[in-house]
Amino acid sequence: QVQLVESGGGLVQAGGSVRLSCAASGRRFSMFSMGWFRQAPGKERDFVAAISWGGGSATSHADSVKGRFTISRDNARNTVYLQMNSLKPEDTAVYYCAAVARSGLSTSRAEYDYWGQGTQVTVSS
């Protein structure tokens, strides 16, 4: 089992930046590949970014956030981050952290076994 707790969401103006954090507890964090997903009202939960287990040498970002968002991890702190820059109103959503005990990158929500409760990010125009 692993427990995930997101933080760092809030209200930000368009063009601004926010860093989300996801703190993990339970089993050895470095053995989990991690992902960020988001869900806007009335829409599906969509992939945002993923990072491989271990040192996180491999990452993947959705086309809609590429060049603006960056996923990273700090295994010493059992935490994965999502740095979000140049935010747009369409980035408004609840952001979820997810974990799966496997190598490689997982971009499908069906591949993840553990989820946090989510943190709201609202971007005003």
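Residues numbered from 1 in each chain as written. Predicted model: local features only at pLDDT ≥ 70, side-chain atom pairs only at ≥ 80, totals over all residues. Heavy atoms only, no water.

A. Up close: the state of the cysteines. This model, assessed by the stated rule, comprises 1 disulfide. Each disulfide pairs two cysteine sulfurs, and for C22 the partner residue is C97, the sulfurs being separated by 2.1 Å. With the S-S dihedral at roughly -80°, the linkage between C22 and C97 falls on the left-handed side. Of the two residues, C22 is situated in strand 3 (residues 18-26) and C97 in strand 9 (residues 93-100); the sequence distance between them amounts to 75 residues. (Disulfide = S-S within 2.5 Å. Helix = DSSP H or I, 4+ residues; strand = E, 2+ residues; numbered from the N terminus.)

B. Inspection of the pattern of salt bridges at higher detail. A full pass over the atoms with the stated rule returns 6 salt bridges. Between R68 and D91 there is a salt bridge whose closest N-O contact spans 2.7 Å. Taken as a pair, R68 in the loop between strand 6 (59-61) and strand 7 (69-74) and D91 in the loop between strand 8 (79-84) and strand 9 lie far apart in primary sequence, 23 residues in all. Summarising the burial analysis for this pair, R68 and D91 share the class buried. (Salt bridge = Lys/Arg side-chain N within 4 Å of Asp/Glu carboxyl O. Buried < 20%, exposed > 50% of the residue type's maximum accessible area, 1.4 Å probe, protein only.)

C. The arrangement of the environment of F47 in detail. Mapping F47 onto the fold places it in strand 5 (residues 45-51). Take F47: its relative accessible area is 18%, and that puts it in the buried class. In sequence terms F47 and F69 are 22 residues apart; their C-alpha atoms lie 12 Å from each other. Here F47 is in contact with W36, F37, S60, H61, A62, S106 and T107, once residues within four sequence places are set aside. (Contact = heavy atoms within 4.5 Å.)

D. How the structure looks around unusual backbone geometry. Positive phi values are uncommon outside glycine, yet N78 reaches one of about 50°. By the secondary structure assignment, N78 is in the loop between strand 7 and strand 8. With a phi angle near 50°, S86 is a residue other than glycine that sits in the positive phi range. With respect to the helices, strands and loops of the structure, S86 is situated in the loop between strand 8 and strand 9.

Function cannot be inferred from these measures alone, as they are strictly geometric.
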